[in-house]
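Fold and contact review
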Amino acid sequence: MKTQPTASHFIDGQYVEDTSGEEIPVIYPATGEVIATVYSATPAIVEQALAAAHAAEKEWAAMTGTERGRILRRAAQIMRERNHDLSVLETYDTGKPYQETSVVDATSGADSLEYFGGLAAAITGEHIQLGEDFVYTRREPLGLCVGIGAWNYPTQIACWKGAPALACGNTMVFKPSETTPLCALKVAEILHEAGAPAGVYNVIQGYGPVGASLITDSRVDKVSLTGSVPTGKKVYAAAAEGIRHVTMELGGKSPLVIFDDADIENAVSGAILGNFYSSGQVCSNGTRVFVQKGIKEAFLTRLAERLQGVKLGDPQDPEVNFGPMVSEKQLGIVEGYIAKGIAEGARLVCGGKRPDMAGFFLEPTVFADVTDDMTIAREEIFGPVMSVLDFDTEEEALARANDTEFGLSAGVFTRDLSRAHRMAAGFEAGTCYINTYNDAPVEAPFGGSKQSGVGRENSKAAIEHYSQIKGVYVRTGDLEAPF
Ligand SMILES: NC(=O)c1ccc[n+]([C@@H]2O[C@H](COP(=O)([O-])OP(=O)(O)OC[C@H]3O[C@@H](n4cnc5c(N)ncnc54)[C@H](O)[C@@H]3O)[C@@H](O)[C@H]2O)c1
Ligand SMILES: NCCCC=O
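The name recorded for the protein chain in an unreviewed UniProt entry is Betaine-aldehyde dehydrogenase, from Yoonia litorea. Check the Sequence similarities (unreviewed entry) section of the UniProt entry for the protein chain; it says "Belongs to the aldehyde dehydrogenase family."

Put into structure tokens, the structure is as follows:
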């Protein structure tokens, strides 16, 4: 497959190149080879993208929801037809196994375009009768939205931001992560092919400073970031300068609580899905696995057995189910955490090493006897490292689960449904799971509380974050005044 894109940026309905920007090598994580080169946006490219998105605002907002929705649904259809090629590209961009990308990434992107395409015509205001007078509300777009993406789900993030933004009548300039710049260009190309007018969805490349330069431009009305908490703090602060709307999808250190009465096979599945999918590079992962003491050893034994089924290798091979870390840098960060876990006294149950193969692979790693104060239990690792902690009571588990500045997700495995709902109510997290983990359908809201974020993606809730209400008071009779 050709991995070199036509050009680095997609602006105003076409590919645009400017090789005077800083070179960004695209590295295939499975081999370490450079598979493409793109160039960071220069100030002139940033200006071109913002000007195009600004100019497109009026025409796009003036279209009916039905017209906009039809374009989004057509884009969804094209994505589904090209699922194979898009999945292969996602695997080159991220290193995630094709076994995953072929069912998750373009699929989830298409779901989002289809869902918000379907909702577009139903984005309306309301009528409020006040005696003989009345108020009506108009749900209006915010204007120009900037999207900034992380590297773990490049297609999904480009769509999860673009689809609701465009459905509500906004335009977008999207900057993917410099680590995975390829997939968002395809999203832009497909939206344009589906009929989105030039300038409605633009993609420009770049490192952090390019993202920073977008946020404070006076034409920008909203910033939606998917990234780490430290970046979120900077982006949030920069957006505040112009009182811009924000959506912040940030990091996590989520708890997964497994009670003695849980179905152990399902609980082990949940722990695997919540720690090792995408080689552990998932924001919502349940990396603090609290296991009630009565089943701790049985859980660890069965987990070790199930981990025999891990197949590392060329991620483009559909039989491979575990890919490399996205980059050498991320691999080094995760190895640093593993070393800390060992140094601070956690028991290494399995993994912890780089296998003898090219690329940025790391074995799935499990630590047991982890305590709440250890670094691996407190900080987001963003790699395939599971920490198993044990507990006695429900109250204790809930208090310890919530003892973190993060609040992205939380899960519970138990056969006691009353307890399950009590736990879900008590978790300080934006997304909770009962007897499952990490499902993220477009119909459900996704996002974090506490430092894990602001706002929600997906579901009808996302409409609130990409539109604003205008109230219009209408008097039908004469108007009295004091003088
Ligand atoms: N909550 C979610 O939905 C979600 C989803 C995926 C990833 N994440 C989080 O993303 C992180 C991993 O991704 P990452 O390493 O790419 O994150 P990151 O914070 O390093 O970078 C995210 C994006 O922000 C840009 N950026 C960096 N500094 C900036 C600045 N000052 N102004 C504007 N933009 C700037 C980067 O270029 C990149 O495009 C993890 O913390 C993970 O939990 C969250
Ligand atoms: N599939 C949802 C992933 C979002 C965070 O990484």
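1. With respect to the sheet that holds strand 18 (residues 431-434)
Here seven strands make up an open sheet; going across it, the order is 14-15-16-13-12-17-18 and the pairing mixed. Of all strands in the sheet, those with a lone pairing partner are strand 14 (347-350) and strand 18, marking the two edges. Strand-to-strand twist across the sheet, computed as the mean angle between neighbouring axes with direction ignored, equals 20°. The pairing of strand 14 with strand 15 (residues 365-368) spans three bridges and is classified as antiparallel. Residue leucine 348 lies in a different strand from strand 15, and its bridge partner there is phenylalanine 367. Lying over the sheet, helix 13 (residues 394-401) contacts strand 12 (255-258), strand 13 (288-292) and strand 16 (385-391), oriented at roughly 145° with respect to strand 16.

2. A word on the site of ligand 1
The environment of ligand 1 is formed by 29 residues, the closest being Gly149, Glu178, Ser228, Thr231 and Glu380. Glycine 149 is positioned such that a nitrogen or oxygen atom in its backbone is 2.7 Å from an oxygen atom of ligand 1. For ligand 1, an oxygen atom lies 3.0 Å from a polar atom in the side chain of glutamate 249. Taken by itself ligand 1 offers 850 Å² of open surface, and the protein chains cover 87% of this. In terms of residue count, helix 7 (residues 208-215) provides more of the shell around ligand 1 than any other element does, four residues in total.

3. Some points on helix 3 (residues 83-94)
The terminal C-alpha atoms of helix 3 lie 16 Å apart, and with twelve residues this matches the ideal 16 Å at 1.5 Å per residue to within 8%. Summarising burial for helix 3: ten of the twelve residues are buried, a large majority. Among the residues of helix 3, those classed as buried are Asn83, Leu86, Ser87, Val88, Leu89, Glu90, Thr91, Tyr92, Asp93 and Thr94. Buried positions along helix 3 lie against strand 3 (23-28), strand 4 (33-39), helix 2 (65-81), helix 4 (98-119), helix 5 (154-167) and helix 6 (183-193). After helix 3 finishes, the residue glycine 95 shows a positive phi value of roughly 85°.

4. Digging into the pattern of salt bridges
Taken as a whole and judged by the stated rule, the model has 31 salt bridges. We note a salt bridge from glutamate 265 to arginine 306, for which the minimum N-O separation is 2.8 Å. With glutamate 265 in helix 9 (residues 264-273) and arginine 306 in helix 10 (residues 296-306), this residue pair connects regions lying 41 residues apart in the sequence. By relative accessible area, which is 29% here, glutamate 265 ends up partly exposed. Since its relative accessible area comes to 27%, arginine 306 is described here as partly exposed. Between lysine 293 and aspartate 392 there is a salt bridge, with its nearest N and O atoms 3.1 Å apart. Taken together, the residues span a long stretch of sequence, with lysine 293 in the loop between strand 13 and helix 10 and aspartate 392 in the loop between strand 16 and helix 13 at a distance of 99 residues. For aspartate 392, a relative accessible area of 44% translates into the label partly exposed.

5. Observations regarding unusual backbone geometry
With the exception of glycine, the majority of residues adopt a negative phi angle, and the majority of peptide bonds are in the trans configuration. For asparagine 435, which is not glycine, the phi torsion reads 55° and is therefore positive. The residue asparagine 435 is located in the loop between strand 18 and strand 19 (453-454) in this model.

6. Thoughts on the environment of isoleucine 258
Inspection of the secondary structure puts isoleucine 258 in strand 12. Remark: the alpha-carbon pair of isoleucine 258 and asparagine 435, spanning 177 residues in sequence, is separated by 9.1 Å. If we ignore the near neighbours within four places in the chain, the residues touching isoleucine 258 are Ala267, Val289, Phe290, Val291, Gln292, Ile295, Phe299, Phe391 and Phe413.

7. Quick look at the packing of helix 5 against helix 6
Running from amino to carboxyl end, helix 5 crosses helix 6 at an angle of 35°, the nearest separation of the two axes being 8 Å. Considering how the two elements wind past one another, helix 5 and helix 6 form a crossing that is right-handed. Across the interface between the two elements, Pro154, Thr155, Ala158, Cys159 and Leu166 of helix 5 pack against Cys183, Ala184, Val187 and Leu191 of helix 6. In terms of residue class, the contact of helix 5 with helix 6 is made up of eight nonpolar, one polar and no charged.

8. Overview of the site of ligand 2
Taken together, Asn152, Tyr153, Gln156, Trp160, Val282, Cys283, Ala440 and Phe446 make up the full set of residues near ligand 2. At 2.8 Å, a side-chain N or O of asparagine 152 approaches an oxygen atom of ligand 2. Relative to its free-state accessible area of 240 Å², ligand 2 is covered by the protein chains to the extent of 89%. Tallied by class, residues from the shell around ligand 2 come to six nonpolar, two polar and no charged.

9. Comments concerning the sheet that holds strand 5 (residues 127-130)
What the three strands build is an open sheet, ordered 5-6-20; its pairing is antiparallel. On the outer flanks of this sheet lie strand 5 and strand 20 (467-474), each paired with one strand and no other. Within this sheet the neighbouring strands show an average axis-to-axis angle of 20°, counted without direction. Bridging between strand 5 and strand 6 (residues 133-141) involves four bridges; their strand directions are antiparallel. Bridging across to strand 6, histidine 127 finds its partner in tyrosine 136.

Reading guide: rules and limits
Residues numbered from 1 in each chain as written. Chains lettered and ligands numbered in written order. Predicted model: local features only at pLDDT ≥ 70, side-chain atom pairs only at ≥ 80, totals over all residues. Heavy atoms only, no water. UniProt positions renumbered as here; feature names shortened; annotations may be inferred. Pairing = 2+ DSSP bridges. Helix = DSSP H or I, 4+ residues; strand = E, 2+ residues; numbered from the N terminus. Axes fitted to C-alpha atoms, helices over the stretch in contact; angles between N-to-C directions. Contact = heavy atoms within 4.5 Å. Near = heavy atom within 4 Å. Polar contact = N/O pair within 3.5 Å; in protein donor to acceptor, adjacent residues only side chain to side chain. Areas by Shrake-Rupley, 256 points an atom, 1.4 Å probe, with all protein chains shown as cover. Expected span 1.5 Å × (residues − 1). Buried < 20%, exposed > 50% of the residue type's maximum accessible area, 1.4 Å probe, protein only. Salt bridge = Lys/Arg side-chain N within 4 Å of Asp/Glu carboxyl O. Left-handed = near helix turned anticlockwise from the far one by under 90°. Nonpolar A, V, L, I, M, F, W, Y, C, P; charged D, E, K, R; others polar.

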